[in-house]
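# Structural features, examined
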Amino acid sequence: MHPMLNIAVRAARAAGNFIAKSFEQPDKVEATPKGTHDWVTNIDKEAERIIIETIRRSYPDHAFIGEEGGIQGESDFQWVIDPLDGTTNFIRGIPHFCVSIALRVKGKTEQAVVFDPIRGELFTASRGVGAQLNGKRLRVSQVRDLEGTVLATGLPFKQRQHYNSYMTIFTAIFEKAADVRRTGSAALDLSYLAAGRIDGFFELGLKPWDIAAGELIAREAGAIVTDFTGGHNYLKSGNIVAAPARMLPALLGTIKPNLTDAIRQ
Ligand code: IPD
Ligand code: CA
Ligand code: CA
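Residues numbered from 1 in each chain as written. Chains lettered and ligands numbered in written order. Predicted model: local features only at pLDDT ≥ 70, side-chain atom pairs only at ≥ 80, totals over all residues. Heavy atoms only, no water.

With that settled, consider the domain arrangement of the protein chain. The domains assigned to the protein chain are domain 1 (3-137) and domain 2 (150-264). Put simply, the middle of domain 1 and the middle of domain 2, counted by C-alpha atoms, are 21 Å apart. With 39 residues of domain 1 at the interface, the matching set in domain 2 holds 25 residues. In this assembly, domain 1 packs against domain 2 so that about 2,300 Å² is buried in total across both faces, 63% of it on carbon and sulfur atoms. In this assembly, domain 1 and domain 2 are joined by two salt bridges. Across the pair aspartate 38 and lysine 158 runs a salt bridge whose closest N-O atoms are separated by 3.8 Å. (Domains from an automatic or database assignment. Contact = heavy atoms within 4.5 Å. Buried area = accessible area lost by both parts, 1.4 Å probe. Salt bridge = Lys/Arg side-chain N within 4 Å of Asp/Glu carboxyl O.)

Moving on to the site of ligand 1. Around ligand 1, a shell composed of 15 residues is seen, among which Asp85, Gly86, Thr87, Lys158 and Glu203 lie nearest. Between an oxygen atom of ligand 1 and a side-chain N or O atom of aspartate 82, the distance comes to 3.2 Å. In this structure, an oxygen atom belonging to ligand 1 sits 3.0 Å away from a main-chain N or O atom of alanine 186. For ligand 1, whose accessible area on its own is 370 Å², the fraction buried by protein is 93%. (Near = heavy atom within 4 Å. Polar contact = N/O pair within 3.5 Å; in protein donor to acceptor, adjacent residues only side chain to side chain. Areas by Shrake-Rupley, 256 points an atom, 1.4 Å probe, with all protein chains shown as cover.)

As for its position among the elements, asparagine 164 is in helix H4 (residues 163-176). Among the residues examined, asparagine 164 registers a relative accessible area of 61% and is labelled exposed. Taking the C-alpha atoms as reference, asparagine 164 lies 29 Å from alanine 194; in sequence the two are 30 residues apart. (Helix = DSSP H or I, 4+ residues; strand = E, 2+ residues; numbered from the N terminus. Buried < 20%, exposed > 50% of the residue type's maximum accessible area, 1.4 Å probe, protein only.)

On to the coordination of the calcium ion (ligand 3). Distances from the calcium ion (ligand 3) to its protein donors, Glu67 (OE), Asp82 (OD) and Leu84 (O), fall within 2.2 to 2.4 Å. Mapped onto the polypeptide sequence, the residues donating to the calcium ion (ligand 3) form the spacing pattern E-x14-D-x1-L. The distance between the calcium ion (ligand 3) and the calcium ion (ligand 2) is 3.7 Å, with aspartate 82 acting as a donor to both metals. Both residues of the pair, aspartate 82 and leucine 84, belong to the buried class. (Donors = N, O, S within 2.8 Å, 3.2 Å for Na, K, Ca; no water.)

The protein atoms donating to the calcium ion (ligand 2) are Asp82 (OD), Asp85 (OD) and Asp210 (OD), with metal-donor distances spanning 2.0 to 2.2 Å. In primary sequence terms, the donor set of the calcium ion (ligand 2) follows D-x2-D-x124-D. Classification of aspartate 85 by relative accessible area gives buried; the value is 6%.

The sheet built from eight strands is open, its strands ordered S4-S3-S5-S6-S7-S8-S9-S10 with mixed pairing. Each of the sheet's edge strands pairs with one partner strand only, and the pair in question is strand S4 (70-72) and strand S10 (136-137). The sheet strands contacting helix H6 (residues 208-220) are strand S3 (63-66), strand S5 (77-85), strand S6 (98-105), strand S7 (108-116), strand S8 (121-126), strand S9 (130-133) and S10, and the helix crosses S7 at an angle near 100°. (Pairing = 2+ DSSP bridges. Axes fitted to C-alpha atoms, helices over the stretch in contact; angles between N-to-C directions.)

Quick look at the sheet that holds strand S12 (residues 179-181) now. Read across the open sheet, the five strands follow the order S12-S11-S13-S15-S14; overall the sheet is mixed. Lying at the two open borders of the sheet, with one neighbouring strand each, are S12 and strand S14 (223-226). Averaged over all adjacent pairs, the angle separating strand axes in this sheet is 20°, with direction ignored. Sheet topology places strand S13 (residues 200-203) next to strand S15 (residues 240-244); three bridges connect them, and they run antiparallel. Counted as the bridge partner of glutamate 203 is isoleucine 240 from S15. Against the sheet, H4 contacts strand S11 (150-153), S12 and S13, and its axis sits at roughly 165° relative to S13. Set on the sheet, helix H8 (residues 248-255) makes contact with S11, S13, S14 and S15; between it and S15 the angle comes to about 150°.

Laid out in structure tokens, this is it:
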């Protein structure tokens, strides 16, 4: 395992174990609103502190961009951290959330970890080397079109202005697919795509920390990741479509005719 991935795994496990313990003690969880329908807890913040402290011990000069702490430092090596992806699930007692850590070097994602502390599932990837779940190589599913597929998505609950555009796209896809999941963790959705548990994923308005690790894990397992037009702008726009290479044209072909200007990229 690459030494930097090794440190990322150590940080993800430390934070994940803290989150899992806190999940058993809901009386110690303090939730505060940070935007429309958007919550942060003392556990998110402490988990991010644990991750940064663990990585800094080995790489004191690296930079960090964390959901809760913003940008810290400047370096060619930047760690993109979502300490708790699935905060709403966590607050509501739904055991589906994870820690997500990616390392970007000169703007390219090189290492990725997504850790589900409830199931003990550790998804990892290194660029060019493949993706693994608890050490076992991952491959996306073999689907070629939308027929019979199970997809995952996220609802634009923070961006109600996109609600109608999103629902038009959702309906077009749902008409062709077998079923669609809304799990509440984008990082796990992308990791589940890598594992072949779902056949595709689409969501709009995500942040870099929601997707940086999961998208490398998905790509290293054979997925193609794009924005809604099939371009590469998804880390900036937050509008993401991901599917096995052979199925992606079918998914994009269903999305594109239903796009509005506001969500075109
Ligand atoms: C959220 C989750 C969710 C997605 C939201 C994200 P958070 O992240 O990934 O699945 O639909 O848009 O904000 O806030 O729980 O870290
Ligand atoms: Ca997130
Ligand atoms: Ca989060």
